[in-house]
Amino acid sequence: MLTLSMTAHFVIADVDGVRVWQSPTHTRLVFDLSKPHEHKIFTLDSPYRIVVDLAGNARFKPKISDVALTSTLITGLRTGRQKNNDLRMVFQLRADVEPKSSIQPPNKIYPHHRLAIDLFEKNATQVEPIKTINTVADKVSYNKRDIIVAIDAGHGGEDPGAVGYRRTKEKDVVLKISKELARLLKEKPGYTPYLTRTGDYYIPLRERTKKARDANADLFISIHADAFKNSRAHGSSVFVLSERGASSEESRWLAEKENEADLVGGVSLGDKDDNLVMTLLDLSMTATRGASLSVGKSILDRMGKISRLHKKQVEEAGFMVLKAPDIPALLIETGFISNPGEAKKLATSYYQKKMAREIYNGLTEYFEEHPPEGSFIAWQKNGGFNGSASKVEQRYTIKRGDTLSHIAKRFNVSVGEIRRLNGIKNNRIQVGQTLKLPAS
Ligand SMILES: [Zn+2]
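As the structure is a prediction and not an experimental result, all values here were calculated from the model.

## Examining unusual backbone geometry
Where the residue is not glycine, phi is negative for most of them; where a peptide bond is considered, it is trans in most cases.
Okay, so step 1: Cis geometry marks the peptide bond from serine 46 to proline 47; its omega dihedral reads -5 degrees.
Okay, so step 2: Position of proline 47 among the secondary structure elements: in the loop between β4 (39-44) and β5 (49-54).
Okay, so step 3: Of note in this structure, serine 71 is not a glycine but carries a positive phi near 60 degrees.
Okay, so step 4: Among the residues examined, serine 71 registers 9 C-beta atoms within 10 Å and is labelled exposed.
Okay, so step 5: One non-glycine residue, arginine 167, adopts positive backbone phi at about 60 degrees.
Okay, so step 6: Examined against the element boundaries, arginine 167 turns out to sit in the loop between β10 (147-153) and α1 (170-187).

## Quick look at the environment of leucine 73
Okay, so step 1: Along the chain, leucine 73 turns up in the loop between β5 and β6 (74-81).
Okay, so step 2: Between the C-alpha atoms of leucine 73 and tryptophan 21, which are 52 residues apart in sequence, the distance is 9.6 Å.

## A word on the sheet that holds strand β15 (residues 329-333)
Okay, so step 1: Pairing is mixed in the open sheet, where 6 strands are placed in the order β11-β10-β12-β15-β13-β14. Only two strands of the sheet have a single partner each, and these edge strands are β11 (191-195) and β14 (315-317). In this sheet, neighbouring strand axes are inclined to one another by 30 degrees on average, regardless of whether the strands run parallel or antiparallel.
Okay, so step 2: Across 3 bridges, the pairing between strand β13 (residues 237-241) and β14 is parallel. In the sheet register, leucine 241 faces β14, and the bridge partner there is alanine 317.

## Some points on helix α2 (residues 205-214)
Okay, so step 1: Every buried residue of α2 is listed here: Leu205, Arg206, Arg208, Thr209, Lys211 and Ala212.
Okay, so step 2: On the buried face of α2, the contacting elements are β10, β12 (219-224) and α4 (261-265).
Okay, so step 3: Asparagine 216 lies just past α2 and shows a positive phi near 60 degrees.

## Let's talk about the pairing of β13
Sheet faces and side chains relate simply in a regular strand, where the side chains alternate between the two faces.
Okay, so step 1: With respect to burial, β13 is a largely interior element, 5 of its 5 residues being buried.
Okay, so step 2: Strand direction decides the pairing type here: β13 and β15, joined by 3 bridges, are antiparallel. The partner of valine 238 across the bridge, within β15, is isoleucine 332.

## Focus on the nonpolar core
Okay, so step 1: Membership of the largest hydrophobic core comes to 65 residues, with the highest contact counts inside it found for Val149, Ala150, Ile151 and Ala217.
Okay, so step 2: Leaving out residues up to four positions away in the same chain, alanine 217 has contacts with Ile148, Val149, Ala150, Tyr194, Ala212 and Ile327.
Okay, so step 3: If you look at the next biggest cluster of nonpolar residues, it comprises 30 residues, including Val20, Ile50, Ala58 and Ala116.

Criteria and thresholds
Residues numbered from 1 in each chain as written. Predicted model: local features only at pLDDT ≥ 70, side-chain atom pairs only at ≥ 80, totals over all residues. Helix = DSSP H or I, 4+ residues; strand = E, 2+ residues; numbered from the N terminus. Buried ≥ 20, exposed ≤ 12 C-beta atoms within 10 Å, placed from the backbone. Pairing = 2+ DSSP bridges. Axes fitted to C-alpha atoms, helices over the stretch in contact; angles between N-to-C directions. Contact = placed C-beta atoms within 7 Å. Core = buried A, V, L, I, M, F, W, Y, C linked by C-beta atoms within 7 Å.

Encoded structure:
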């Protein structure tokens, strides 16, 4: 049995709300308390449970059936009153856990004091394995490495980000755009996407870039759709990190707001500020700055085709999430969710897909111009087999009525070989498209 207790000013308080967030590494339980509160937490076995006792006549106000537990570690919740009148909340669990608790003071988004309890599964590996969405082997990359793009959907879980027209939440919009961008990159030979978050949970800002670094990312893109105090502000923008100061009032304002995300989303007690990272940052930031600006420009030009740009050039501000010293890093504002017209568009899957497509176009165009050494894209740029192999290939331009299997039969090769040579994943071909074919 493990007991944690925390003493605050002893005042009677109520539980006004309970939220549960499931991340790949832990479960976060959050209680909205009307006042800071004395509480006691302990775990029990067979079946596994976690018990939270709140002193005094605390009342449990939410409806138990309204607490969303689906797909979490928690299988049930009941409340009761102890002999000494303490409020007891018992959560049934699927596994044995180690709890860590903290109290967070009210902020702009949450007027309550929040008691957060992070449940770490015992006997589970603490560190989440880095799973890039696709492996090189899945694609036709001739053993050349893929370009890894880390896509960071801003906010998540306790931190909704900006909330706009009809309660559209930034965290939901940007996750959809991020997933669509990942899908497009996954289909393209030579690229592997990596999503820092895949669901509705919060990741501290520092951890986002750390995850990208652990995934060996060539580029880090954090995707947002923020609010501005002036609801007329609109248009998309691309930001790179500036250590010296912001390029405009809006960018300073946005960066300040973004940097508060950890206060809203909550950082677990295990997190500590990494001074070493900060020192390294100063040393090598300049090296990635040029690349950040130029990939940013390429994406901005593409986004300008579907939305008005907030500023015509890549902007600068001190975003904490961009502090990845060795990886070019960008923060993309896909629009202002505080602008009713833009919020309406951003909430539609049509526009989310269009936005993801232009970000994809911008970044692949950049990498085709500046492919990292040793990558499939670099090899392809140098002519692929044409550049290195001695075999002379034939080329064939597709005519109306052609199918891959007809062409394969005519040239006496397999459909698989045509696909491999041309980096095609399915049977879709277009009239006018030129196919490479092996030498006869
Ligand atoms: Zn944001």
